[in-house]
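# Coordinate inspection notes
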Amino acid sequence: QSGGFGTLLADRLSEAGVPIADPARETVKRILAERSVPYVGNPHDSGAGPPGNNAPNSRAALIAFQDDPSVGAAIYAETMYMWHAQGHLRQVEVEAHGRNPHLMCWKGGTATAPVIASLRAHGLIAFESMRQTVAAVSALYRYAVLASMPQAAAAPAIRPHALRPRGGMLGAAATRAV
């Protein structure tokens, strides 16, 4: 959502070894057809465009990213700008659509505490800081690598370099378990 904050989060995720997927051509076409935004990328600023369309645009873009086979998880990054009911409760709808894990990083300190509490009360995964988000998403990708390793009777010890994130899907149940 938030162009600047989303870009900073994507930079931190990339530095932590988490791959950032390019949206599929079909995803770009879908978002451009459904919403009046000037550009689609990843990270994506779904609030760009005419005033007042942020919450619907965010929902539509996140669902399109959820449906994109190259995207392993959708992360909604926001500051206190869209803390009102229309904005944050749209995330419940995105989670319900849920092909991929849907996580939120909602930064704003005490001003966004009610938003974080509401999201968590709805069962959503919401983080209060960029640092928490990066640590959790990085751990999810490392777990996905471990979970996908073939089982062998005499498996050699796993070396730290083998745990580097390689991308891929991690289902909602595994996300919540981690």
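### Concerning unusual backbone geometry
- Backbone torsion omega between asparagine 42 and proline 43 reads 10 degrees, so that peptide bond is classified as cis.
- The topology assignment puts proline 43 in the loop between helix H2 (25–34) and helix H3 (54–67).

### Details of the pairing of strand E2 (residues 102–106)
- In terms of burial, E2 is largely enclosed, as five of its five residues are buried.
- Burial along E2 is two-sided: His102, Met104 and Trp106 facing one way and Leu103 and Cys105 facing the other are all buried.
- In terms of strand pairing, strand E1 (residues 74–78) meets E2 through five bridges, oriented parallel. Counted as the bridge partner of alanine 74 is histidine 102 from E2.
- Both E2 and strand E3 (residues 125–127) contribute to a ladder of three bridges, which runs parallel. Considered in E3, the bridge of methionine 104 is made with alanine 126.

### What about the nonpolar core?
- Ranked by size, the top nonpolar core spans 12 residues in total: Leu62, Ile63, Ala74, Tyr76, Val94, Met104, Trp106, Val115, Ile116, Leu119, Leu124 and Ala126.
- For this core, the secondary structure elements donating two or more residues are H3, E1, E2 and helix H5 (113–121).
- The biggest single contributor to this core is H5, with three residues.
- Excluding anything up to four places from it in sequence, isoleucine 63 contacts Arg30, Val94 and His97.
- Among the nonpolar cores identified, the runner-up in size contains 10 residues, and Phe5, Leu9, Ala77 and Tyr141 belong to it.

### Remarks on the packing of aromatic side chains
- Taken as a whole and assessed by the stated rule, the structure comprises one aromatic pair.
- Considering the side-chain rings of tyrosine 76 and tryptophan 106, the 5.1 Å spacing of their centres and the 45 degrees angle between planes classify their relative orientation as tilted. In this pair, tyrosine 76 sits in strand E1 while tryptophan 106 sits in strand E2, placing the two residues 30 residues apart along the sequence. As far as the burial class goes, tyrosine 76 and tryptophan 106 line up, both buried.

### A closer look at the side chain of serine 129
- Looking at where serine 129 falls in the secondary structure, it is placed in the loop between E3 and helix H6 (130–148).
- According to the relative accessible area criterion, serine 129 is buried, its value standing at 17%.
- A polar side-chain atom of serine 129 sits 3.0 Å from the main-chain amide nitrogen of glutamine 132.
- The contacts of serine 129, once residues within four sequence positions are left out, are Cys105 and Lys107.

### Details of the confidence of the model for the protein
- Looking at the protein, pLDDT values average 78 and 74% of them are 70 or higher.
- Segment residues 163–169: pLDDT under 50, and 22 contacts once partners within four positions in sequence are set aside and those in other chains are kept.

### Details of H5
- For H5, the set of buried residues is Val115, Ile116, Ser118 and Leu119. The buried residues of H5 occupy one face: seen down the axis, they fall within an arc of 165 degrees. The exposed set on the far side of H5, more than 90 degrees from its buried face, consists of Pro114 and Ala121.
- With its phi angle positive at about 85 degrees, glycine 123 sits one or two positions after the end of H5.

Rules behind the numbers
- Residues numbered from 1 in each chain as written.
- Predicted model: local features only at pLDDT ≥ 70, side-chain atom pairs only at ≥ 80, totals over all residues.
- Heavy atoms only, no water.
- Helix = DSSP H or I, 4+ residues; strand = E, 2+ residues; numbered from the N terminus.
- Buried < 20%, exposed > 50% of the residue type's maximum accessible area, 1.4 Å probe, protein only.
- Pairing = 2+ DSSP bridges.
- Core = buried A, V, L, I, M, F, W, Y, C linked by side-chain atoms within 4.5 Å.
- Contact = heavy atoms within 4.5 Å.
- Phe/Tyr/Trp six-rings, centres within 6.5 Å; stacked < 30°, edge-to-face > 60°.
- Polar contact = N/O pair within 3.5 Å; in protein donor to acceptor, adjacent residues only side chain to side chain.
- pLDDT = per-residue confidence, 0-100.
- Arc of directions from axis to C-beta.

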